Amino acid sequence: MDVTQIVMYGVLFVSLYFEVFLLITFFEHLSAPKPARSKRNLPTAAVIVPCFNEEKTVGATLNSLLNLRYPIEKLHIIAVDDGSTDNTLEVLKSFEHHLHITILTKENGGKHTALNTACEYTDADIIGCLDADSYVDQDALLYIASHFKDPAVSAVTPGIKVDNAKSIIQLMQKAEYGLAIFVRNVFALMDAQFVTPGPFSFFRREVILSVGKWNYGHSTEDLEMCLRLQKEHHKITNESRALVTTTAPKTFRALYKQRVRWTYGFLRNALDYSHLFFNPKYGALGLLVLPLSLISIFGATFLFGSLIWNTFVRITEEIIKFQTVGISTPTVQFDIFYVQTSTLFTIVLALIILTLVIIGIGKKLSNEKIFSFDIPVYLTLYGFLTPIWLTVSIYKAAANSGVRWR
Amino acid sequence: MQGRPSQWIKYILAFVITAFIFATAIIANNFFNAKRIEQIRSIEEGISIDILSLDTQFELLQEQSCQSISENPILSRELDTLARKLSFAEAQLGADNEEVLRLKRHYSLLEIKDLLLMQKVSEKCGLEPVFLLYFYSNEKGACMDCKRQGYVLTELAKQYPSLRIYSFDYNLDLSAVETLISLKNIPEELPALVIHDKAYGGFKKIEEIKELIPELKALDEQVED
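Residues numbered from 1 in each chain as written. Chains lettered and ligands numbered in written order. Predicted model: local features only at pLDDT ≥ 70, side-chain atom pairs only at ≥ 80, totals over all residues.

1. A short note on the packing of helix 1 (residues 3-28) of chain A against helix 11 (residues 343-365) of chain A
Residues and elements named next belong to chain A.
- One way to put it is that helix 1 packs onto helix 11 with a least axis distance of 10 Å and a crossing angle of 35°. Both helix 1 and helix 11 take part in a crossing whose hand is left-handed. Each of L12, S15, L16, E19, L22, L23 and F26 in helix 1 lies in contact with helix 11, whose residues at this interface are I347, A350, L351, L354, T355, V357, I358 and I361. (Axes fitted to C-alpha atoms, helices over the stretch in contact; angles between N-to-C directions. Helix = DSSP H or I, 4+ residues; strand = E, 2+ residues; numbered from the N terminus. Left-handed = near helix turned anticlockwise from the far one by under 90°. Contact = placed C-beta atoms within 7 Å.)

2. Describing the sheet that holds strand 7 (residues 202-204) of chain A
Residues and elements named next belong to chain A.
- Taking strand neighbours across the sheet as the criterion, the 8 strands line up as 3-2-1-4-7-6-8-5 in an open arrangement whose pairing is mixed. Unpaired on one side and paired on the other, strand 3 (101-106) and strand 5 (134-136) mark the two borders of the sheet. Taking the axes of each pair of neighbouring strands and ignoring which way they run, one obtains an average angle of 30° across the sheet.
- Pairing of strand 6 (residues 153-162) with strand 7 involves 2 bridges; the strand directions are antiparallel. The partner of V156 across the bridge, within strand 7, is F202.
- Each of strand 1 (45-51), strand 4 (126-129), strand 5, strand 6, strand 7 and strand 8 (235-246) touches helix 5 (residues 140-147); the most contacted strand, strand 8, lies at about 180° to it. (Pairing = 2+ DSSP bridges.)

3. Focus: the interface of chain A and chain B
- Tallying the contact residues gives 29 residues for chain A and 29 residues for chain B.
- Elements represented by at least two residues in the side of chain A that touches chain B include exactly helix 1, helix 10 (283-325) and helix 11 of chain A.
- In terms of residue count, the dominant contributor to the side of chain A that touches chain B is helix 1 of chain A (7 residues).

4. Brief notes about the domain arrangement of chain B
Residue and element names in this part refer to chain B.
- Considered domain by domain, chain B is made up of domain 1 (8-128) and domain 2 (130-225).
- Relative placement of domain 1 and domain 2: their C-alpha centres are 20 Å apart.
- If you look at the interface, domain 1 gives 11 residues, while domain 2 gives 12 residues.
- Every element with two or more residues in the side of domain 1 that touches domain 2 is listed here: helix 3 (73-93) and helix 4 (98-125).
- Considering each element in turn, the side of domain 1 that touches domain 2 owes the most residues, 8 residues, to helix 4.
- Among the residues forming the side of domain 1 that touches domain 2, the class breakdown is 6 nonpolar, 2 polar and 3 charged. (Domains from an automatic or database assignment. Nonpolar A, V, L, I, M, F, W, Y, C, P; charged D, E, K, R; others polar.)

5. Brief notes about the pairing of strand 3 (residues 192-195) of chain B
All names here are of chain B.
- As defined by bridge partners, strand 1 (residues 131-136) adjoins strand 3 across 4 bridges and the pair is classed as antiparallel. Residue Y134 lies in a different strand from strand 3, and its bridge partner there is L193.
- Both strand 3 and strand 4 (residues 198-201) contribute to a ladder of 4 bridges, which runs antiparallel. Each bridged residue has a counterpart across the sheet, and for L193 the counterpart in strand 4 is Y200.

6. A short note on the sheet that holds strand 2 (residues 164-169) of chain B
All names here are of chain B.
- The mixed open sheet is built from 4 strands, whose spatial order is 2-1-3-4. In the strand order of this sheet, the two ends are held by strand 2 and strand 4, each with one partner. Taken over all neighbouring pairs, the strand axes of this sheet differ in orientation by 20° on average, direction set aside.
- Against the sheet, helix 4 makes contact with strand 1 and strand 2, and its axis sits at roughly 145° relative to strand 2, the strand it touches most.

Written out as structure tokens, the structure is:
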């Protein structure tokens, strides 16, 4: 066995171990009761909607917030125009007549500055954010608020689905988000979430005041905030029934930019919070989730490099074959003798089956159809596309070059 | 805020399950490879019996059996199937695998036996079948053009099913192959071909081989007519 094979089997073992660990944790807590949705003793809630050039989507975002089943006197919506250059401010102003909506405008300074500005305008018990391209289910806030009845809970993350997936790239993300719903749910059970996503994560006000407001966080303020909370051992739960629909990037170019930013942010924040890694004081987060997330970035890049090399060798062979004998008709003959049974094949198959189980559970958690076209798209494309942005992110993070939002 | 407890039992359980999946994959692979080896061995035994039977039949009946023996497509096809299965097993288990090497030696012996029998039949029955002996090497850097030569011969075999191609690993540790190399004066430059008892070193294109085997050209012309 050469070095490449050892690394490959190592990466596969770690990936499989991770999936098995997540599934054990999920089934271990399967019968655990979830907080009941109740309109009694609800905390006051502020939802901040930071906007930068979101004229096309922010109206629907605000309407979805206005449709929330939550006592109106306890809900405060703060929309912040972060120096948009389009008609975002005009769209926001059309909502000014709603008494519980506050419209703010400021010079462009980035999402974290918009969140921090809005924080000055509220004294609500819980403060959350909703990206201006995301829409909430009517009961989402009721579900989230029910978790804050436990005084130990500092923050709650939602379940995020993809809105109206049309392009192949969006279909791929639809299945991926299904997987993420499961993963976030299980990470919460292990007390190991490391992102409080922009769409509809909520924080207890005094917690924000104690750990500090949002930072730039290498363009991933949601990840940095979560790591900061984890560092202080705050409890972050997840409510997969609190469904938020987000607009996923439609084209590969847009997705690539988003993912380079996410991965770059993870890698740079991993450096800033390196003391959390392999630290038993942080339980599964320090011993498993953070290290394996980091390994998976490098592992996937390595496997992709190996795949590219093997494909190159194969194509070269085919070219040589063509140059030597021209077009050769392959002889198709089924014989059970040739059925693939290699160790590598079986392990990859096991990995795919577990991934499918995880996506299926994620979809069930978000009340979506389990069997749909997005799954084969995900299985076919994701493995090939991901390493592209992972490789670029590793390079950018090593060079500390910074990333742009758009 | 307090640190959180680690659940070591869960870490160990996940490790055990993952190790079990890995072990199952390894055991299953070994099991299926053993079955493949068994199948190849059984094919080899079958061919061995067939060759011996034909040889004996020929000895007994002499010229009377010319018709039944001379064009023996079944045996030729079996040898071809065996070669492909052996090649697959080689890719699965590795070219250095002892079992693969043993089967390969047996296969080479069967090829030589078949070749000798066919030569004998041709001589006695006045036939002129075309034999092509191909010597290759799997050793790294020993034969840069063997892959290309393999493509050419596979294509030729497809075009001319009656052409009998016998492939031998030049470095196979088998005295019969070594004797064949020495008898046919196989050059060290690989790939090497033996056509009409003459050895040629180096890569040969389809057209070059057709030039060396005029019988193939004749077959082409027959098809065109």
